[in-house]
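Spelled out, the chains give:
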Amino acid sequence: MKSIKLIVITLLFVANSVFAFTTDPIDKTKSTVSIQVQKLLEKPNFPIKEDMDIIVKLTINKNNEMVILDIESEDANNIIEDYIKSRLNYKKLTKKMTTQVYTLPIKMLASK
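Summarised in this report is the structure supplied together with it. (Residues numbered from 1 in each chain as written. Predicted model: local features only at pLDDT ≥ 70, side-chain atom pairs only at ≥ 80, totals over all residues. Heavy atoms only, no water.)

1. Regarding the packing of aromatic side chains
Alright, step 1. Scanning all chains against the criterion turns up one aromatic pair.
Alright, step 2. A ring pair is formed by phenylalanine 46 and tyrosine 83, whose centres lie 5.2 Å apart and whose planes are at 85 degrees; its orientation type is edge-to-face. Placement of phenylalanine 46 in the loop between helix H2 (25–40) and strand S1 (52–60) and of tyrosine 83 in helix H3 (residues 78–88) is noted, with a sequence separation of 37 residues between them.
Alright, step 3. Exposure remark for tyrosine 83: the relative accessible area of 5% places this residue in the buried category. (Phe/Tyr/Trp six-rings, centres within 6.5 Å; stacked < 30°, edge-to-face > 60°. Helix = DSSP H or I, 4+ residues; strand = E, 2+ residues; numbered from the N terminus. Buried < 20%, exposed > 50% of the residue type's maximum accessible area, 1.4 Å probe, protein only.)

Structure, rendered in structure tokens:
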């Protein structure tokens, strides 16, 4: 009985390590979108008083432009939401992306 448990646990570890090394093309696409979003949101023209965690949901239209669907945050105010929308909405991406909903976590750090 102990040997069966040992074999099952060993198989679980092996299966887990195999799945950990597989690469998912969706993750690469999301990473590309994240990098471009990060560049577009650099250097806001207003001070940020406290760190904020923001979730941006967007999609890519047929013209390869980002379309903001939703901005979620407990801390963000209208100025932050307007800033994100103005910097991202209908901005064309450099690389062709599939049309799907992307959920991107954004952390805006306080100005020092």
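2. Focus on the nonpolar core
Alright, step 1. Counting residues in each nonpolar core, the largest one holds 23 residues, and the members touching the most others are Val33, Val37, Ile54, Val56, Leu58, Ile84 and Met108.
Alright, step 2. Where this core is concerned, the elements lending two or more residues are H2, S1, strand S2 (66–72), H3 and strand S3 (101–108).
Alright, step 3. Per-element accounting of this core gives the leading share, five residues, to S1.
Alright, step 4. Not counting the four nearest positions on each side in its chain, leucine 58 is found in contact with Val33, Val37, Met66, Val67, Ile68, Leu69, Gln100, Val101, Tyr102 and Leu104. (Core = buried A, V, L, I, M, F, W, Y, C linked by side-chain atoms within 4.5 Å. Contact = heavy atoms within 4.5 Å.)

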